[in-house]
Amino acid sequence: MIGETNDITPVLSHLVIMVGETNDIISVLSHLVIIVGEANDIMPVLSHLVIMVGSGGVGKSALTLQFMYAEFVEDYEPTKADSYRKKVILDGSEVSIDILDTAGQEDYAAIRDNYYRSGEGFFCVFSICEAQSFKETESFRDQILRVHDDESIPFILVGNKADLEDQRETSKDDALAKAREWNVPYLESSAKTKMNVDEAYFDLLRQISKKKAASAQVKSKEKKKKKCIIL
Ligand SMILES: Nc1nc2c(ncn2[C@@H]2O[C@H](COP(=O)(O)OP(=O)(O)OP(=O)(O)O)[C@@H](O)[C@H]2O)c(=O)[nH]1
Ligand SMILES: [Mg+2]
């Protein structure tokens, strides 16, 4: 009966009776998980926070807007910081993606570190038509690792503006070599044609999701260990 109702009130009142009847807090808690899982209204949606990083003008905002709204913005308006939220289906489950689109221009660099702290995954963009922007990916990665001190932090290297092949300044091999050195995936994208835009975001979401699952497992093992010590 509880599983069929979307109304939280009777679920909670039933729980109070459970505590009185069994005195077994573990069984009550496991019951609560099942009940919450069945009541669609209160099922929490996992949220992953992605930060866009890279030099000014490489296409961070254009990629974000293409992913969010499936449109390409031709005009260049330097970003200070913009945030977006979208619900997507990731491998059969609904997750929410929060995207923080940061400023590539130096004028705003001072506020960058603060944003990095909250990031769960980093979408690092350079333009394949601007060698300098590829070089600068090094300092973005350094900054991120300084803040997070974790080389396995979810991260993707993206060579954008792949539609401008005739203006290419960074070879695919050089970019791949860098990605291998960092042990991260590399994709070439075009915010203009939408090539590899969704693929890049989904790759990063998968990395974040895996990382969270792994750390949840570690935490639950630690909890079990602690329980054994108490016993
Ligand atoms: N041809 C082409 N142009 C692109 C692509 N991505 C972005 N642009 C253009 O490049 C310019 C800069 O793009 P933005 O997305 O604003 O760059 P940004 O990285 O957000 O720049 P900042 O906000 O200053 O850090 C704009 O005029 C875009 O239209 C792409 O894949 N192909
Ligand atoms: Mg921008």
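Higher on the page you've got the structure.
Treat the numbers as computed from the prediction; the structure is a model and nothing was measured.

**Some thoughts on the nonpolar core**
So, point 1. Counting residues in hydrophobic clusters, the biggest one holds 26 residues, and the most contacted among them are Leu63, Phe67, Ile97, Ile99, Phe123 and Tyr201.
So, point 2. Of all the secondary structure elements, the ones that give two or more residues to this core are β1 (46–54), α3 (60–69), β2 (81–90), β3 (93–102), β4 (121–127), β5 (155–160) and α7 (197–230).
So, point 3. Examining the composition of this core, we find that seven residues originate from one element, α7, more than from any other.
So, point 4. Apart from residues lying up to four places away in sequence, Ile97 is in contact with His48, Val50, Phe67, Tyr84, Arg85, Lys86, Val88, Tyr201 and Leu205.

**A look at the site of ligand 1**
So, point 1. Ligand 1 sits among 25 residues. The nearest are Lys60, Val73, Glu74, Tyr76 and Gly104.
So, point 2. In the model, an oxygen atom of ligand 1 is placed 2.8 Å from a nitrogen or oxygen of the Ala62 main chain.
So, point 3. Here Gly104 contributes a backbone N or O atom positioned 2.7 Å from an oxygen atom of ligand 1.
So, point 4. The protein chains hide 92% of the 650 Å² of surface that ligand 1 would expose on its own.
So, point 5. Per element, the largest residue contribution to the shell around ligand 1 is three residues, and it comes from α3.
So, point 6. In terms of residue class, the shell around ligand 1 is built from nine nonpolar, 10 polar and six charged.

**Details of the coordination of the magnesium ion (ligand 2)**
So, point 1. For the magnesium ion (ligand 2), the full set of protein donor atoms is Ser61 (OG) and Thr79 (OG1), at a range of 2.0 Å. Of the two residues, Ser61 is situated in helix α3 and Thr79 in the loop between α3 and β2; the sequence distance between them amounts to 18 residues.

**Examining the packing of aromatic side chains**
So, point 1. Applying the stated criterion across every chain, the model contains eight aromatic pairs.
So, point 2. With centroids separated by 6.4 Å and ring planes inclined at 75°, the aromatic side chains of Phe67 and Phe202 adopt a geometry described as edge-to-face. Here Phe67, found in helix α3, pairs with Phe202, found in helix α7; they are 135 residues apart in sequence, far enough to count as distant.
So, point 3. In this structure Phe67 comes out as buried when scored by relative accessible area, which is 3%.
So, point 4. Judged by relative accessible area, Phe202 falls into the buried class, the value being 18%.
So, point 5. Centroid distance Phe155 to Trp182: 5.7 Å. Interplanar angle 80°. Geometry classified as edge-to-face.

**Some words on helix α5 (residues 131–148)**
So, point 1. With 18 residues, α5 extends 27 Å from end C-alpha to end C-alpha; this agrees with the ideal 26 Å at 1.5 Å per step.
So, point 2. Where α5 is buried, its residues touch β1, α4 (112–118), β4, β5 and α6 (172–182).
So, point 3. One or two positions beyond α5, positive phi appears at Asp149, with a value near 50°.

**Observations concerning α6**
Residues that lie three or four places apart on an α-helix share one face, since the helix turns once every 3.6 residues.
So, point 1. Taken together, the buried positions of α6 are Ala175, Lys178, Ala179 and Trp182. Looking straight down α6, one finds that the buried residues subtend no more than 100° of arc, so they occupy a single side. When the buried face of α6 is taken as reference, the exposed residues oriented beyond 90 degrees from it are Asp173, Arg180 and Glu181.
So, point 2. The inward-facing, buried residues of α6 abut β4, α5, β5 and β6 (186–188).

Conventions used here
Residues numbered from 1 in each chain as written. Chains lettered and ligands numbered in written order. Predicted model: local features only at pLDDT ≥ 70, side-chain atom pairs only at ≥ 80, totals over all residues. Heavy atoms only, no water. Core = buried A, V, L, I, M, F, W, Y, C linked by side-chain atoms within 4.5 Å. Buried < 20%, exposed > 50% of the residue type's maximum accessible area, 1.4 Å probe, protein only. Helix = DSSP H or I, 4+ residues; strand = E, 2+ residues; numbered from the N terminus. Contact = heavy atoms within 4.5 Å. Near = heavy atom within 4 Å. Polar contact = N/O pair within 3.5 Å; in protein donor to acceptor, adjacent residues only side chain to side chain. Areas by Shrake-Rupley, 256 points an atom, 1.4 Å probe, with all protein chains shown as cover. Nonpolar A, V, L, I, M, F, W, Y, C, P; charged D, E, K, R; others polar. Donors = N, O, S within 2.8 Å, 3.2 Å for Na, K, Ca; no water. Phe/Tyr/Trp six-rings, centres within 6.5 Å; stacked < 30°, edge-to-face > 60°. Expected span 1.5 Å × (residues − 1). Arc of directions from axis to C-beta.

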